[in-house]
Amino acid sequence: MKLNNSSQKPLYSQLKQILKEAILRGTYKAGQQLPPESELCETYGVSRITARRAISDLVEEGILHRQQGKGTFVKETKVKRELISVGGFSELTMASGKKPSSQILSNIVLAADESLARTFGIPDGDPVLKLHRLLFIDNEPFIIETSHYPLRHLPDLEKHIGESASTYSILKSRYGVEMNRSEKSLEVVFASEYEAELFHCDRGTPLFVIEKKSSDKSGRVLHLSYSLFMTSKVIFTLDTDKADRGDFPNDGES
């Protein structure tokens, strides 16, 4: 497609609009690399100066971003997540108009070691479900989650996993359990080869990791999880009013 040289609209502005529309149509998807300047010049019949100006403007507008030594990429829109949130992963995702889904990577029952026994207030060796999942938003990998649940309080939970993307909905419907409070810690780690493969990113990519302990209304800890997020895909926010009120029922990523 050639640009209109007789138009009063500058060529760089025409090219910028074409690239914007291509991004909106999904021709260039979030995280995808844009063709190099030389290819854009050939495709649209413009000079390097024109292509560079169009790209620079889109970078300034936050639509594209440059990676040193790699090229120019479509900037990914970050998902906002409230650290003290009401509702689980599925509920929050659907409320934002997006589609949640999950893939179970492993689902095993193991004997509680000293640390798990202390966390759940159960005897050493008691059965605990370890659930390892990949959670998606609109079919894009969003969270790598490893969760533990004490089967003393949630018998046969391992048999029901997979019925829903939301584990918390299973706890509520089958066990009458609702999570009432969570304790969380947040830090940054770097992707291993395994995590990079699941997230389709480079090894060493920065990841947020949230450790969370959730308890029901009686104060029993029934869920311990470790959730990994790509720092490029999420912004964590904190509502101080909720924090002051202690207002975080049903909080969680599950």
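The structure contained in this document is the topic of the report that follows. (Residues numbered from 1 in each chain as written. Predicted model: local features only at pLDDT ≥ 70, side-chain atom pairs only at ≥ 80, totals over all residues. Heavy atoms only, no water.)

**Quick word on the overall build of the protein chain**
The number of helices and strands found in the protein chain is 9 helices and 10 strands. Across the 254 residues of the protein chain, 43% fall into the buried class. Contacts in the protein chain between residues at least 24 apart in sequence constitute 60% of all its contacts with a sequence separation of at least 6. As displayed, the protein chain offers around 13,500 Å² of accessible surface, 48% of which is attributable to carbon and sulfur atoms. (Helix = DSSP H or I, 4+ residues; strand = E, 2+ residues; numbered from the N terminus. Buried < 20%, exposed > 50% of the residue type's maximum accessible area, 1.4 Å probe, protein only. Contact = heavy atoms within 4.5 Å. Areas by Shrake-Rupley, 256 points an atom, 1.4 Å probe, with all protein chains shown as cover.)

**A short note on the environment of S182**
Here S182 shows up in strand β7 (residues 179-190). Separated by 39 residues in sequence, S182 and V221 place their C-alpha atoms 9.0 Å apart. Within the structure, S182 has its side chain in polar contact with the side chain of S214 (distance 2.7 Å). (Polar contact = N/O pair within 3.5 Å; in protein donor to acceptor, adjacent residues only side chain to side chain.)

**With respect to the sheet that holds strand β5 (residues 127-137)**
Read across the open sheet, the 6 strands follow the order β4-β5-β6-β9-β8-β7; overall the sheet is antiparallel. Strands at the two margins of the open sheet, each flanked by one partner only, are β4 (100-111) and β7. Going across the sheet, the axis of each strand differs from the next one's by a mean of 15°, ignoring polarity. Taken together, the 11 bridges between β4 and β5 define a ladder with antiparallel strand orientation. Its bridge partner being in β5, Q103 is matched across the sheet by L134. (Pairing = 2+ DSSP bridges. Axes fitted to C-alpha atoms, helices over the stretch in contact; angles between N-to-C directions.)

**Topic: the packing of aromatic side chains**
Inspection of the entire model under this criterion finds 1 aromatic pair. Positioned over the ring face of Y12 is R53, at 3.8 Å from the centre of the ring. (Phe/Tyr/Trp six-rings, centres within 6.5 Å; stacked < 30°, edge-to-face > 60°. Lys NZ or Arg CZ within 6 Å of the ring centre and 35° of its normal.)

**A word on the pattern of salt bridges**
If you walk through the whole model with that rule in mind, you get 13 salt bridges. Notably, a salt bridge pairs E114 with R118, separated by 3.8 Å at the nearest N-O pair. With a gap of 4 residues between them, E114 and R118 both fall in helix α5 (residues 114-120), about one helical turn apart. This pair shows no difference in class: E114 is exposed, exactly as R118 is. Three or more residues are tied together by salt bridges with common partners; here these are K16, K20, R53, D57 and E61. (Salt bridge = Lys/Arg side-chain N within 4 Å of Asp/Glu carboxyl O.)

**Quick word on the nonpolar core**
Judged by nonpolar contacts, the single largest core of 18 residues is most densely connected at L15, L19, Y28, L34, Y44 and L64. Elements supplying a minimum of two residues to this core: α1 (11-25), α2 (37-44) and α3 (48-60). In this structure L64 touches I23, L34, I55, L58, V59, T72, F73, V74 and K75, once residues within four positions along its chain are discounted. (Core = buried A, V, L, I, M, F, W, Y, C linked by side-chain atoms within 4.5 Å.)

**Let's talk about the packing of α1 against α3**
Between α1 and α3, the shortest axis-to-axis distance is 8 Å and the interhelical angle comes to 55°. In terms of orientation, α1 lies oblique with respect to α3. Relative to α3, α1 is oriented so that their crossing is right-handed. Residues L11, Y12, L15, K16, L19 and K20 of α1 lie in contact with α3, whose contacting residues are T50, A51, R53, A54, D57 and L58. Residue composition of the contact of α1 with α3, grouped by class: 7 nonpolar, 1 polar and 4 charged. (Parallel < 35°, antiparallel > 145°, perpendicular 65-115°, else oblique. Left-handed = near helix turned anticlockwise from the far one by under 90°. Nonpolar A, V, L, I, M, F, W, Y, C, P; charged D, E, K, R; others polar.)

**Description of the side chain of K233**
With respect to the helices, strands and loops of the structure, K233 is situated in the loop between β9 (221-230) and β10 (234-237). Classification of K233 as buried rests on a relative accessible area of 12%.

**With respect to the side chain of H160**
Locating H160 in the fold gives a position in helix α6 (residues 157-160). Once residues within four sequence positions are removed from consideration, H160 is found in contact with I170, R174 and Y175.

**So, the environment of R152**
Mapped onto the elements of the fold, R152 is located in the loop between β6 (140-150) and α6. In this structure R152 comes out as partly exposed when scored by relative accessible area, which is 48%. Along the sequence, R152 and F120 sit 32 residues apart, while their C-alpha atoms lie 9.8 Å from each other. Once residues lying within four places of it in the same chain are set aside, the contact partners of R152 are I122, P123, D126 and P127. There is a polar contact of 2.5 Å between the side chain of R152 and the side chain of D126.

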